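So you can see what is in the structure, the chains are spelled out below.
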Amino acid sequence: ALSVMGAMATSTIAGTLHSRHLHCRTLLLLLPYLPIAFLLVDGGGIPTTLDGPFTPATRAFDRSLRQGSEDVPLSDPRLAPRARPPSPEQIALAASADPSSLWVSWVTGRAQVGSHLTPLDPTAVRSEVWYGERPASADTVGHPHVARGSAEVYSQLYPYPGLLNYTSGVIHHVRLVGLRPSTRYYYRCGDSSLKGGLSDERSFVTLPAPAPDAYPRRVAVVGDLGLTGNSTSTVDHLARNDPSMILMVGDMTYANQYRTTGGRGVPCFSCSFPDAPIRESYQPRWDGWGRFMEPLASRVTMMVTEGNHEIEPQGHGGAVTFASYLARFAVPSEESGSNTKFFYSFNAGGIHFIMLGAYVDYNRTGAQYSWLEKDLQKVDRRATPWVVASWHTPWYNSYSSHYQEFECMRQEMEGLLYQHGVDIVFSGHVHAYERMNRVFNYTLDPCGPVYITIGDGGNIEEIDIDHADDPGKCPSPGDNQPEFGGVCHLNFTSGPAKGKFCWERQPEWSAFRESSFGHGILEVVNSTYALWTWHRNQDAYGEHSVGDQIYIVREPDKCLLQPRGVISQDW
(Lines give C-alpha, C1' and ligand atoms only; values in the text may rest on other atoms or scores of the structure.)
Protein backbone atom coordinates (compact mmCIF):
# COMPACT_ATOMS: atom_id res chain seq x y z
CA ALA A 1 0.00 0.00 0.00
CA LEU A 2 2.87 2.36 0.75
CA SER A 3 4.40 1.87 -2.71
CA VAL A 4 1.04 2.62 -4.34
CA MET A 5 0.65 5.81 -2.33
CA GLY A 6 4.26 6.72 -3.15
CA ALA A 7 3.51 6.41 -6.85
CA MET A 8 0.43 8.59 -6.43
CA ALA A 9 2.56 11.15 -4.61
CA THR A 10 5.18 11.13 -7.35
CA SER A 11 2.58 11.89 -10.00
CA THR A 12 1.21 14.68 -7.85
CA ILE A 13 4.61 16.29 -7.36
CA ALA A 14 4.86 16.60 -11.12
CA GLY A 15 1.83 18.92 -11.10
CA THR A 16 1.58 22.59 -10.22
CA LEU A 17 2.42 24.19 -6.89
CA HIS A 18 -1.29 24.47 -6.21
CA SER A 19 -1.86 20.76 -6.66
CA ARG A 20 1.19 19.98 -4.49
CA HIS A 21 -0.29 22.17 -1.77
CA LEU A 22 -3.63 20.36 -1.87
CA HIS A 23 -1.86 16.99 -1.93
CA CYS A 24 0.23 17.84 1.11
CA ARG A 25 -2.80 19.02 3.07
CA THR A 26 -4.58 15.75 2.20
CA LEU A 27 -1.61 13.78 3.49
CA LEU A 28 -1.62 15.73 6.73
CA LEU A 29 -5.30 15.04 7.28
CA LEU A 30 -4.39 11.35 6.95
CA LEU A 31 -1.49 11.80 9.37
CA PRO A 32 -2.69 9.25 11.99
CA TYR A 33 -2.77 6.54 9.30
CA LEU A 34 0.54 7.16 7.50
CA PRO A 35 4.09 6.33 8.59
CA ILE A 36 5.94 9.52 9.49
CA ALA A 37 8.85 8.47 7.25
CA PHE A 38 6.55 8.60 4.24
CA LEU A 39 5.42 12.10 5.13
CA LEU A 40 9.01 13.29 5.40
CA VAL A 41 9.99 11.75 2.06
CA ASP A 42 6.97 13.19 0.28
CA GLY A 43 6.64 16.80 1.39
CA GLY A 44 4.79 17.82 -1.76
CA GLY A 45 7.61 20.29 -2.47
CA ILE A 46 6.96 22.25 0.75
CA PRO A 47 9.64 21.90 3.46
CA THR A 48 8.84 21.31 7.12
CA THR A 49 10.62 22.52 10.23
CA LEU A 50 11.62 18.87 10.73
CA ASP A 51 13.98 19.41 7.78
CA GLY A 52 15.74 22.21 9.67
CA PRO A 53 17.71 23.93 10.84
CA PHE A 54 18.07 25.44 7.39
CA THR A 55 21.15 27.03 5.90
CA PRO A 56 20.55 30.79 6.16
CA ALA A 57 19.30 32.30 2.91
CA THR A 58 18.69 35.87 1.73
CA ARG A 59 16.72 36.94 -1.31
CA ALA A 60 18.08 40.31 -2.39
CA PHE A 61 15.78 43.32 -2.58
CA ASP A 62 14.25 43.61 -6.04
CA ARG A 63 15.21 47.14 -7.02
CA SER A 64 12.63 47.19 -9.79
CA LEU A 65 10.06 47.54 -6.98
CA ARG A 66 9.26 50.65 -4.99
CA GLN A 67 11.12 50.87 -1.69
CA GLY A 68 8.24 53.00 -0.48
CA SER A 69 5.27 55.08 -1.53
CA GLU A 70 3.36 58.10 -0.28
CA ASP A 71 0.28 57.95 1.91
CA VAL A 72 -3.14 57.78 0.30
CA PRO A 73 -4.87 61.18 0.80
CA LEU A 74 -7.92 61.40 3.03
CA SER A 75 -9.89 62.62 0.01
CA ASP A 76 -9.60 59.15 -1.54
CA PRO A 77 -13.07 57.50 -1.63
CA ARG A 78 -11.73 54.55 0.36
CA LEU A 79 -10.77 56.87 3.23
CA ALA A 80 -13.39 59.63 3.00
CA PRO A 81 -16.61 59.47 5.07
CA ARG A 82 -19.28 57.34 3.41
CA ALA A 83 -21.90 57.29 6.16
CA ARG A 84 -23.87 60.37 7.16
CA PRO A 85 -24.45 60.83 10.92
CA PRO A 86 -26.04 59.23 12.82
CA SER A 87 -25.26 56.17 10.69
CA PRO A 88 -22.31 54.07 11.95
CA GLU A 89 -18.94 53.92 10.19
CA GLN A 90 -15.55 52.29 10.81
CA ILE A 91 -17.28 49.05 11.84
CA ALA A 92 -14.89 46.39 13.12
CA LEU A 93 -15.05 43.01 14.84
CA ALA A 94 -12.80 41.53 17.51
CA ALA A 95 -12.72 38.14 19.12
CA SER A 96 -13.51 37.68 22.78
CA ALA A 97 -11.66 35.20 24.99
CA ASP A 98 -13.62 32.30 23.47
CA PRO A 99 -15.84 31.85 20.39
CA SER A 100 -19.11 32.13 22.33
CA SER A 101 -18.73 35.92 22.37
CA LEU A 102 -17.48 38.65 20.05
CA TRP A 103 -16.93 42.41 20.08
CA VAL A 104 -18.47 44.85 17.59
CA SER A 105 -17.07 48.40 17.43
CA TRP A 106 -18.00 51.44 15.35
CA VAL A 107 -17.96 55.24 15.25
CA THR A 108 -20.81 57.74 14.96
CA GLY A 109 -20.73 61.50 14.59
CA ARG A 110 -17.95 63.62 13.20
CA ALA A 111 -14.48 64.09 14.62
CA GLN A 112 -13.27 67.68 15.07
CA VAL A 113 -9.91 69.38 14.57
CA GLY A 114 -9.20 72.88 15.88
CA SER A 115 -8.04 75.00 18.79
CA HIS A 116 -11.11 75.08 21.04
CA LEU A 117 -13.27 71.99 20.71
CA THR A 118 -16.37 70.69 22.45
CA PRO A 119 -16.37 66.89 22.56
CA LEU A 120 -19.47 65.01 21.48
CA ASP A 121 -21.68 63.53 24.21
CA PRO A 122 -21.29 59.72 24.12
CA THR A 123 -24.52 59.28 26.11
CA ALA A 124 -26.58 61.00 23.42
CA VAL A 125 -26.65 57.96 21.14
CA ARG A 126 -27.29 54.29 21.91
CA SER A 127 -24.82 51.46 21.42
CA GLU A 128 -26.85 48.54 20.05
CA VAL A 129 -26.16 45.46 17.95
CA TRP A 130 -29.15 43.59 16.52
CA TYR A 131 -28.19 40.09 15.39
CA GLY A 132 -29.37 36.59 14.54
CA GLU A 133 -28.53 33.49 12.53
CA ARG A 134 -30.72 34.51 9.60
CA PRO A 135 -30.75 37.66 7.48
CA ALA A 136 -33.46 40.13 8.35
CA SER A 137 -36.23 40.22 5.75
CA ALA A 138 -38.76 42.85 4.82
CA ASP A 139 -41.65 40.97 6.48
CA THR A 140 -39.97 40.64 9.89
CA VAL A 141 -39.35 43.11 12.67
CA GLY A 142 -35.61 42.52 12.42
CA HIS A 143 -32.98 40.37 14.07
CA PRO A 144 -34.21 38.51 17.16
CA HIS A 145 -31.37 39.46 19.53
CA VAL A 146 -30.05 42.79 20.72
CA ALA A 147 -26.92 43.53 22.76
CA ARG A 148 -26.04 46.88 24.28
CA GLY A 149 -22.67 48.25 25.24
CA SER A 150 -20.75 51.43 26.01
CA ALA A 151 -19.52 54.50 24.17
CA GLU A 152 -16.71 57.00 24.64
CA VAL A 153 -14.85 59.84 23.00
CA TYR A 154 -11.17 60.70 23.29
CA SER A 155 -9.12 63.79 22.59
CA GLN A 156 -5.58 64.46 21.40
CA LEU A 157 -4.58 67.75 23.04
CA TYR A 158 -1.42 69.77 22.50
CA PRO A 159 -0.73 72.77 24.79
CA TYR A 160 1.77 74.25 22.35
CA PRO A 161 1.32 77.33 20.11
CA GLY A 162 0.35 76.54 16.53
CA LEU A 163 -0.65 72.93 17.18
CA LEU A 164 -4.25 71.88 16.65
CA ASN A 165 -6.29 69.61 18.87
CA TYR A 166 -8.57 66.70 17.95
CA THR A 167 -11.64 65.15 19.48
CA SER A 168 -13.10 61.94 18.12
CA GLY A 169 -16.51 60.85 17.04
CA VAL A 170 -18.41 58.63 19.46
CA ILE A 171 -16.70 55.23 19.63
CA HIS A 172 -19.01 52.32 20.49
CA HIS A 173 -18.10 48.85 21.80
CA VAL A 174 -20.67 46.07 22.25
CA ARG A 175 -19.94 42.50 23.30
CA LEU A 176 -22.22 39.78 21.93
CA VAL A 177 -22.53 36.71 24.17
CA GLY A 178 -24.12 33.28 23.91
CA LEU A 179 -22.98 32.75 20.33
CA ARG A 180 -22.55 29.34 18.76
CA PRO A 181 -19.05 28.55 17.49
CA SER A 182 -18.45 28.18 13.73
CA THR A 183 -21.80 29.79 12.96
CA ARG A 184 -22.71 32.63 10.61
CA TYR A 185 -24.52 35.57 12.20
CA TYR A 186 -26.10 38.60 10.57
CA TYR A 187 -26.06 41.95 12.34
CA ARG A 188 -26.73 45.66 12.25
CA CYS A 189 -25.19 48.13 14.69
CA GLY A 190 -26.05 51.65 15.78
CA ASP A 191 -29.06 53.33 17.40
CA SER A 192 -32.46 51.91 16.41
CA SER A 193 -34.28 54.94 17.86
CA LEU A 194 -32.81 57.30 15.27
CA LYS A 195 -33.77 57.54 11.62
CA GLY A 196 -30.83 56.17 9.68
CA GLY A 197 -29.21 55.20 12.96
CA LEU A 198 -28.54 51.55 12.09
CA SER A 199 -25.93 50.26 9.69
CA ASP A 200 -26.63 48.10 6.69
CA GLU A 201 -26.74 44.40 7.46
CA ARG A 202 -23.35 42.67 7.71
CA SER A 203 -22.40 39.12 8.64
CA PHE A 204 -19.59 37.18 10.28
CA VAL A 205 -18.73 33.59 11.14
CA THR A 206 -17.76 32.87 14.74
CA LEU A 207 -14.45 31.15 15.39
CA PRO A 208 -14.35 27.41 16.17
CA ALA A 209 -14.60 26.17 19.75
CA PRO A 210 -11.36 25.01 21.39
CA ALA A 211 -10.63 21.49 20.17
CA PRO A 212 -7.59 19.66 18.78
CA ASP A 213 -9.35 19.09 15.45
CA ALA A 214 -10.93 22.53 14.86
CA TYR A 215 -9.04 25.59 13.65
CA PRO A 216 -9.64 28.95 11.98
CA ARG A 217 -9.52 28.37 8.25
CA ARG A 218 -6.90 31.02 7.55
CA VAL A 219 -5.25 33.48 9.93
CA ALA A 220 -3.79 36.51 8.16
CA VAL A 221 -0.82 38.19 9.83
CA VAL A 222 0.32 41.70 8.95
CA GLY A 223 2.43 44.35 10.66
CA ASP A 224 3.41 47.99 10.25
CA LEU A 225 0.64 48.48 7.73
CA GLY A 226 0.15 52.23 7.43
CA LEU A 227 -1.95 53.70 4.66
CA THR A 228 0.25 54.11 1.58
CA GLY A 229 -0.19 52.78 -1.93
CA ASN A 230 1.85 49.77 -0.83
CA SER A 231 -0.45 49.32 2.19
CA THR A 232 -3.53 49.22 -0.02
CA SER A 233 -1.86 46.58 -2.21
CA THR A 234 -1.17 44.52 0.92
CA VAL A 235 -4.77 44.70 2.12
CA ASP A 236 -6.18 43.97 -1.35
CA HIS A 237 -3.91 40.91 -1.62
CA LEU A 238 -4.79 39.83 1.92
CA ALA A 239 -8.52 40.12 1.23
CA ARG A 240 -8.18 37.94 -1.88
CA ASN A 241 -6.68 35.25 0.33
CA ASP A 242 -10.01 35.24 2.23
CA PRO A 243 -8.87 35.05 5.87
CA SER A 244 -11.14 34.06 8.74
CA MET A 245 -9.16 36.16 11.25
CA ILE A 246 -6.49 38.88 11.15
CA LEU A 247 -3.55 39.45 13.50
CA MET A 248 -2.34 43.06 13.32
CA VAL A 249 1.03 43.15 15.08
CA GLY A 250 1.25 46.89 15.77
CA ASP A 251 1.87 50.19 13.99
CA MET A 252 -1.48 50.56 12.27
CA THR A 253 -1.92 54.05 10.83
CA TYR A 254 1.33 56.05 11.12
CA ALA A 255 -0.78 59.09 11.98
CA ASN A 256 2.27 60.37 13.89
CA GLN A 257 4.15 60.98 10.64
CA TYR A 258 2.12 64.21 10.30
CA ARG A 259 1.84 67.64 11.88
CA THR A 260 -1.41 68.31 13.73
CA THR A 261 -2.37 70.57 10.84
CA GLY A 262 -2.33 67.68 8.37
CA GLY A 263 -0.57 68.24 5.10
CA ARG A 264 1.72 65.52 3.78
CA GLY A 265 3.08 62.65 5.82
CA VAL A 266 6.83 62.12 5.91
CA PRO A 267 9.05 59.02 6.25
CA CYS A 268 11.00 60.60 9.14
CA PHE A 269 9.19 63.04 11.44
CA SER A 270 12.23 64.26 13.39
CA CYS A 271 14.18 64.76 10.15
CA SER A 272 11.45 66.84 8.53
CA PHE A 273 10.30 68.72 11.63
CA PRO A 274 13.33 69.05 13.94
CA ASP A 275 11.80 72.03 15.78
CA ALA A 276 8.48 70.36 16.65
CA PRO A 277 7.84 70.70 20.41
CA ILE A 278 6.47 67.15 20.60
CA ARG A 279 6.01 64.15 18.32
CA GLU A 280 2.75 65.30 16.73
CA SER A 281 -0.04 63.21 15.27
CA TYR A 282 -2.83 63.93 12.79
CA GLN A 283 -5.69 61.91 14.20
CA PRO A 284 -8.00 62.08 11.14
CA ARG A 285 -5.63 59.49 9.63
CA TRP A 286 -7.05 57.05 12.19
CA ASP A 287 -10.57 57.73 10.89
CA GLY A 288 -9.44 57.23 7.31
CA TRP A 289 -7.72 53.97 8.27
CA GLY A 290 -10.88 52.74 10.01
CA ARG A 291 -12.95 53.44 6.89
CA PHE A 292 -10.38 51.77 4.66
CA MET A 293 -10.32 48.61 6.79
CA GLU A 294 -14.10 48.46 7.34
CA PRO A 295 -15.02 46.23 4.36
CA LEU A 296 -12.73 43.56 5.77
CA ALA A 297 -12.83 44.28 9.51
CA SER A 298 -16.65 44.32 9.64
CA ARG A 299 -16.84 40.67 8.59
CA VAL A 300 -13.60 39.17 10.00
CA THR A 301 -12.26 39.53 13.54
CA MET A 302 -9.16 41.71 13.67
CA MET A 303 -6.92 41.36 16.72
CA VAL A 304 -4.40 44.10 17.45
CA THR A 305 -1.41 44.84 19.64
CA GLU A 306 0.21 48.21 20.14
CA GLY A 307 3.37 49.39 18.42
CA ASN A 308 5.56 52.45 18.88
CA HIS A 309 3.50 54.46 16.39
CA GLU A 310 0.50 54.06 18.70
CA ILE A 311 2.29 55.85 21.59
CA GLU A 312 1.25 59.30 20.31
CA PRO A 313 2.26 61.47 23.29
CA GLN A 314 0.11 64.46 24.11
CA GLY A 315 -0.20 67.04 26.88
CA HIS A 316 2.68 68.78 28.63
CA GLY A 317 5.80 66.70 28.11
CA GLY A 318 3.86 63.90 26.46
CA ALA A 319 2.43 62.66 29.74
CA VAL A 320 -0.61 61.05 28.08
CA THR A 321 -0.02 58.23 25.59
CA PHE A 322 -1.90 55.60 23.57
CA ALA A 323 -5.21 57.52 23.74
CA SER A 324 -6.35 56.51 20.26
CA TYR A 325 -5.31 52.86 20.59
CA LEU A 326 -7.04 52.47 23.95
CA ALA A 327 -10.27 54.11 22.78
CA ARG A 328 -10.67 52.66 19.30
CA PHE A 329 -10.09 48.94 19.82
CA ALA A 330 -12.05 46.38 21.79
CA VAL A 331 -9.98 43.42 22.98
CA PRO A 332 -10.73 40.60 25.46
CA SER A 333 -8.72 42.12 28.30
CA GLU A 334 -11.24 41.54 31.09
CA GLU A 335 -12.25 38.14 29.71
CA SER A 336 -8.61 36.97 29.74
CA GLY A 337 -7.87 38.42 33.15
CA SER A 338 -5.35 41.07 32.11
CA ASN A 339 -7.71 44.05 32.55
CA THR A 340 -5.61 46.10 30.14
CA LYS A 341 -5.64 46.46 26.37
CA PHE A 342 -1.84 46.30 26.26
CA PHE A 343 -1.76 42.50 26.70
CA TYR A 344 -4.42 39.80 26.57
CA SER A 345 -5.19 36.33 25.21
CA PHE A 346 -7.97 34.45 23.45
CA ASN A 347 -8.78 31.06 21.95
CA ALA A 348 -9.61 30.38 18.31
CA GLY A 349 -10.31 26.69 17.85
CA GLY A 350 -7.25 24.70 18.83
CA ILE A 351 -5.00 27.79 19.01
CA HIS A 352 -4.35 29.86 22.12
CA PHE A 353 -3.25 33.35 21.06
CA ILE A 354 -1.25 35.60 23.38
CA MET A 355 -0.85 39.29 22.55
CA LEU A 356 1.90 40.99 24.56
CA GLY A 357 2.88 44.62 25.03
CA ALA A 358 6.42 45.78 24.33
CA TYR A 359 5.75 49.35 25.49
CA VAL A 360 4.54 48.57 29.00
CA ASP A 361 6.45 46.94 31.86
CA TYR A 362 7.67 43.50 30.80
CA ASN A 363 10.01 42.84 33.74
CA ARG A 364 9.62 39.67 35.80
CA THR A 365 8.43 41.73 38.76
CA GLY A 366 5.68 43.43 36.74
CA ALA A 367 1.99 42.83 36.11
CA GLN A 368 2.40 41.69 32.51
CA TYR A 369 4.89 38.95 33.36
CA SER A 370 2.73 37.76 36.26
CA TRP A 371 -0.35 37.65 34.03
CA LEU A 372 1.56 35.84 31.25
CA GLU A 373 2.81 33.19 33.66
CA LYS A 374 -0.71 32.53 34.94
CA ASP A 375 -2.16 32.54 31.42
CA LEU A 376 0.36 29.99 30.17
CA GLN A 377 -0.23 27.78 33.19
CA LYS A 378 -3.95 27.69 32.39
CA VAL A 379 -3.51 26.58 28.76
CA ASP A 380 -4.95 23.10 28.18
CA ARG A 381 -2.87 21.66 25.34
CA ARG A 382 -5.44 18.88 24.89
CA ALA A 383 -7.99 21.51 23.78
CA THR A 384 -5.61 24.12 22.32
CA PRO A 385 -2.47 22.25 21.19
CA TRP A 386 -1.03 25.35 19.53
CA VAL A 387 0.16 28.43 21.40
CA VAL A 388 0.94 31.46 19.23
CA ALA A 389 2.35 34.66 20.73
CA SER A 390 2.61 38.09 19.17
CA TRP A 391 4.04 41.47 20.06
CA HIS A 392 5.40 44.36 18.05
CA THR A 393 9.18 44.28 18.50
CA PRO A 394 11.21 41.25 17.34
CA TRP A 395 13.71 39.58 19.65
CA TYR A 396 15.53 37.85 16.80
CA ASN A 397 16.41 40.22 13.98
CA SER A 398 19.38 40.30 11.61
CA TYR A 399 18.49 43.62 9.95
CA SER A 400 20.35 46.79 10.91
CA SER A 401 17.09 48.50 11.74
CA HIS A 402 16.07 47.90 15.39
CA TYR A 403 18.94 45.43 15.85
CA GLN A 404 18.93 44.18 19.49
CA GLU A 405 16.58 47.04 20.33
CA PHE A 406 14.37 44.97 22.65
CA GLU A 407 17.05 42.65 23.99
CA CYS A 408 15.93 43.54 27.53
CA MET A 409 12.45 42.17 26.84
CA ARG A 410 13.93 38.98 25.42
CA GLN A 411 16.07 38.45 28.50
CA GLU A 412 13.08 38.95 30.77
CA MET A 413 10.46 36.86 28.99
CA GLU A 414 12.02 34.36 26.59
CA GLY A 415 12.55 31.67 29.21
CA LEU A 416 8.88 31.71 30.21
CA LEU A 417 7.71 31.21 26.64
CA TYR A 418 10.24 28.42 26.11
CA GLN A 419 9.31 26.75 29.37
CA HIS A 420 5.68 26.53 28.25
CA GLY A 421 6.39 25.41 24.70
CA VAL A 422 5.13 28.40 22.73
CA ASP A 423 5.09 27.28 19.10
CA ILE A 424 5.17 30.43 16.94
CA VAL A 425 5.96 34.09 17.59
CA PHE A 426 4.92 36.91 15.23
CA SER A 427 6.39 40.42 15.41
CA GLY A 428 6.71 43.50 13.22
CA HIS A 429 8.67 46.76 13.76
CA VAL A 430 11.36 45.85 11.21
CA HIS A 431 9.98 46.70 7.77
CA ALA A 432 10.97 43.46 6.08
CA TYR A 433 10.36 39.73 6.30
CA GLU A 434 12.45 37.24 8.26
CA ARG A 435 11.76 33.66 9.40
CA MET A 436 14.03 32.10 11.99
CA ASN A 437 15.15 28.57 12.57
CA ARG A 438 13.89 27.23 15.89
CA VAL A 439 15.96 29.07 18.47
CA PHE A 440 16.29 29.72 22.19
CA ASN A 441 18.76 32.13 23.77
CA TYR A 442 20.54 32.63 20.41
CA THR A 443 21.17 28.89 20.18
CA LEU A 444 19.57 26.57 17.63
CA ASP A 445 17.07 24.50 19.57
CA PRO A 446 14.53 22.07 18.04
CA CYS A 447 12.10 22.93 20.86
CA GLY A 448 12.37 26.70 20.51
CA PRO A 449 9.58 28.72 18.88
CA VAL A 450 9.58 29.66 15.21
CA TYR A 451 10.04 33.44 15.30
CA ILE A 452 8.70 35.35 12.28
CA THR A 453 9.11 39.07 11.59
CA ILE A 454 6.41 40.40 9.29
CA GLY A 455 6.64 44.18 9.60
CA ASP A 456 6.40 44.61 5.83
CA GLY A 457 2.82 45.86 5.53
CA GLY A 458 3.79 48.87 3.42
CA ASN A 459 3.95 51.97 5.64
CA ILE A 460 5.36 55.39 4.76
CA GLU A 461 8.74 54.74 6.45
CA GLU A 462 9.68 52.42 3.55
CA ILE A 463 11.20 48.93 3.42
CA ASP A 464 14.33 48.00 5.40
CA ILE A 465 17.07 46.58 3.18
CA ASP A 466 20.32 46.70 5.23
CA HIS A 467 21.45 43.69 7.26
CA ALA A 468 23.57 43.94 10.38
CA ASP A 469 25.99 41.43 8.84
CA ASP A 470 26.46 43.44 5.63
CA PRO A 471 29.86 45.16 5.39
CA GLY A 472 29.71 48.48 7.20
CA LYS A 473 26.06 48.03 8.28
CA CYS A 474 26.51 46.74 11.83
CA PRO A 475 24.92 49.31 14.17
CA SER A 476 26.96 50.67 17.03
CA PRO A 477 25.89 49.58 20.52
CA GLY A 478 24.62 53.11 21.05
CA ASP A 479 22.19 52.88 18.13
CA ASN A 480 18.65 51.50 18.21
CA GLN A 481 17.56 52.91 21.55
CA PRO A 482 14.10 51.60 22.50
CA GLU A 483 11.25 54.04 23.05
CA PHE A 484 10.40 52.10 26.20
CA GLY A 485 12.47 50.03 28.61
CA GLY A 486 16.18 49.68 29.13
CA VAL A 487 19.16 49.00 26.86
CA CYS A 488 20.66 45.51 27.06
CA HIS A 489 22.81 45.36 23.94
CA LEU A 490 25.33 42.53 24.15
CA ASN A 491 28.28 40.94 22.40
CA PHE A 492 28.00 37.24 21.68
CA THR A 493 30.10 35.05 23.98
CA SER A 494 30.33 31.89 21.87
CA GLY A 495 29.79 30.60 18.35
CA PRO A 496 30.90 32.18 15.04
CA ALA A 497 30.21 35.71 16.32
CA LYS A 498 32.05 35.29 19.64
CA GLY A 499 33.15 38.61 21.07
CA LYS A 500 31.27 40.63 18.45
CA PHE A 501 28.11 42.72 18.44
CA CYS A 502 27.11 41.57 14.93
CA TRP A 503 27.67 38.43 12.89
CA GLU A 504 29.85 38.77 9.80
CA ARG A 505 27.43 36.58 7.84
CA GLN A 506 23.74 35.83 8.12
CA PRO A 507 23.25 34.37 11.61
CA GLU A 508 22.60 30.63 11.83
CA TRP A 509 19.28 31.28 13.56
CA SER A 510 18.04 33.33 10.59
CA ALA A 511 16.60 30.82 8.11
CA PHE A 512 15.28 33.18 5.42
CA ARG A 513 14.96 36.92 4.90
CA GLU A 514 13.79 39.26 2.17
CA SER A 515 12.97 42.96 1.91
CA SER A 516 9.57 43.09 0.27
CA PHE A 517 6.06 44.25 1.18
CA GLY A 518 3.47 41.59 1.95
CA HIS A 519 1.50 39.60 4.53
CA GLY A 520 1.34 36.06 5.87
CA ILE A 521 -1.27 33.33 6.12
CA LEU A 522 -1.26 30.66 8.84
CA GLU A 523 -3.33 27.54 8.14
CA VAL A 524 -3.32 25.06 11.02
CA VAL A 525 -4.06 21.59 9.68
CA ASN A 526 -4.11 19.50 12.84
CA SER A 527 -2.57 19.35 16.32
CA THR A 528 0.99 19.05 15.00
CA TYR A 529 1.12 20.57 11.47
CA ALA A 530 0.52 24.16 10.35
CA LEU A 531 1.24 25.69 6.94
CA TRP A 532 2.83 29.14 6.97
CA THR A 533 2.90 31.14 3.73
CA TRP A 534 4.39 34.57 3.20
CA HIS A 535 2.77 36.38 0.30
CA ARG A 536 4.73 39.23 -1.24
CA ASN A 537 2.63 41.95 -2.85
CA GLN A 538 4.17 41.18 -6.25
CA ASP A 539 3.03 37.55 -5.86
CA ALA A 540 -0.53 38.71 -6.40
CA TYR A 541 0.32 38.93 -10.08
CA GLY A 542 1.85 35.44 -10.38
CA GLU A 543 -0.33 32.35 -10.36
CA HIS A 544 0.31 30.19 -7.28
CA SER A 545 3.43 32.23 -6.48
CA VAL A 546 4.60 32.63 -2.88
CA GLY A 547 7.53 34.34 -1.21
CA ASP A 548 8.13 31.76 1.53
CA GLN A 549 6.29 28.62 2.59
CA ILE A 550 6.91 25.98 5.24
CA TYR A 551 5.05 23.49 7.39
CA ILE A 552 5.67 24.27 11.06
CA VAL A 553 5.60 20.97 12.94
CA ARG A 554 5.05 20.58 16.67
CA GLU A 555 6.78 17.72 18.44
CA PRO A 556 4.97 17.56 21.79
CA ASP A 557 6.45 14.17 22.75
CA LYS A 558 9.98 15.44 22.14
CA CYS A 559 9.55 18.96 23.48
CA LEU A 560 8.00 18.49 26.89
CA LEU A 561 7.25 21.49 29.07
CA GLN A 562 10.52 22.71 30.54
CA PRO A 563 11.36 23.02 34.24
CA ARG A 564 10.55 26.32 35.90
CA GLY A 565 14.23 27.20 36.22
CA VAL A 566 14.68 27.78 32.47
CA ILE A 567 15.33 31.47 31.83
CA SER A 568 17.21 33.48 29.22
CA GLN A 569 20.76 34.56 29.99
CA ASP A 570 23.14 36.96 28.28
CA TRP A 571 24.75 34.91 25.50
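The structure we're discussing is the one just above.
So, here is what we can say about the structure in this document. (Residues numbered from 1 in each chain as written. Predicted model: local features only at pLDDT ≥ 70, side-chain atom pairs only at ≥ 80, totals over all residues. Heavy atoms only, no water.)

Our focus in this paragraph is the packing of aromatic side chains. A full pass over the atoms with the stated rule returns 32 aromatic pairs. Through a chain of ring-to-ring contacts, the aromatic side chains of Trp391, Trp395, Tyr396, Tyr442, Tyr451, Phe492, Trp503 and Trp509 assemble into a single cluster. For the cation-ring pair, Arg259 lies above Phe273, with the distance from its terminal atom to the ring centre recorded as 5.0 Å. Above the ring of Trp386, the side-chain terminus of Arg554 is found at 5.8 Å from the ring centroid. (Phe/Tyr/Trp six-rings, centres within 6.5 Å; stacked < 30°, edge-to-face > 60°. Lys NZ or Arg CZ within 6 Å of the ring centre and 35° of its normal.)

Judged by nonpolar contacts, the single largest core of 101 residues is most densely connected at Leu247, Met248, Phe346, Phe426 and Trp532. In terms of residue count, the dominant contributor to this core is helix 6 (residues 284–297) (6 residues). Contact partners of Met248, with chain neighbours within four places excluded, come to Val222, Leu225, Trp289, Met293, Met302, Met303, Val304 and Thr305. Counting 15 residues, the second largest nonpolar core, distinct from the first, contains Leu93, Leu102, Tyr131 and Ala147. (Core = buried A, V, L, I, M, F, W, Y, C linked by side-chain atoms within 4.5 Å. Buried < 20%, exposed > 50% of the residue type's maximum accessible area, 1.4 Å probe, protein only. Helix = DSSP H or I, 4+ residues; strand = E, 2+ residues; numbered from the N terminus. Contact = heavy atoms within 4.5 Å.)

This part is about empty space enclosed by the protein. What the rule picks out here adds up to 7 cavities of 30 Å³ or more. Together, 18 residues line the largest cavity, and Gln90, Ala92, Ser105, Arg328 and Phe329 are the ones closest to its centre. Counting only elements with at least two residues in the lining of the largest cavity, the list comes to strand 2 (89–95), strand 3 (102–108) and helix 6. Residues that form the lining of the largest cavity fall into these classes: 14 nonpolar, 3 polar and 1 charged. Approximately 60 Å³ is the volume found for the second largest cavity. Around the second largest cavity sit Ala95, Ser96, Asp98, Pro99, Ser101, Leu102, Thr206, Leu207, Thr301 and Asn347, which together line it. For the lining of the second largest cavity, the per-class residue count stands at 4 nonpolar, 5 polar and 1 charged. (1 Å grid on protein atoms, 1.4 Å probe; cavity = no way out; pocket = protein on both sides within 12 Å on 5 of 7 lines; lining within 4 Å. Points joined across faces, edges and corners; volume = space filled by probe spheres on them. Nonpolar A, V, L, I, M, F, W, Y, C, P; charged D, E, K, R; others polar.)

Here we come to the side chain of Asn165. When you line up the elements, Asn165 lands in strand 9 (residues 165–167). Taking relative accessible area as the criterion, Asn165 reaches 12% and is therefore assigned buried. Polar side-chain contacts of Asn165 include one of 3.2 Å to the backbone oxygen of Ser115. Polar side-chain contacts of Asn165 include one of 2.8 Å to the backbone nitrogen of Tyr158. (Polar contact = N/O pair within 3.5 Å; in protein donor to acceptor, adjacent residues only side chain to side chain.)

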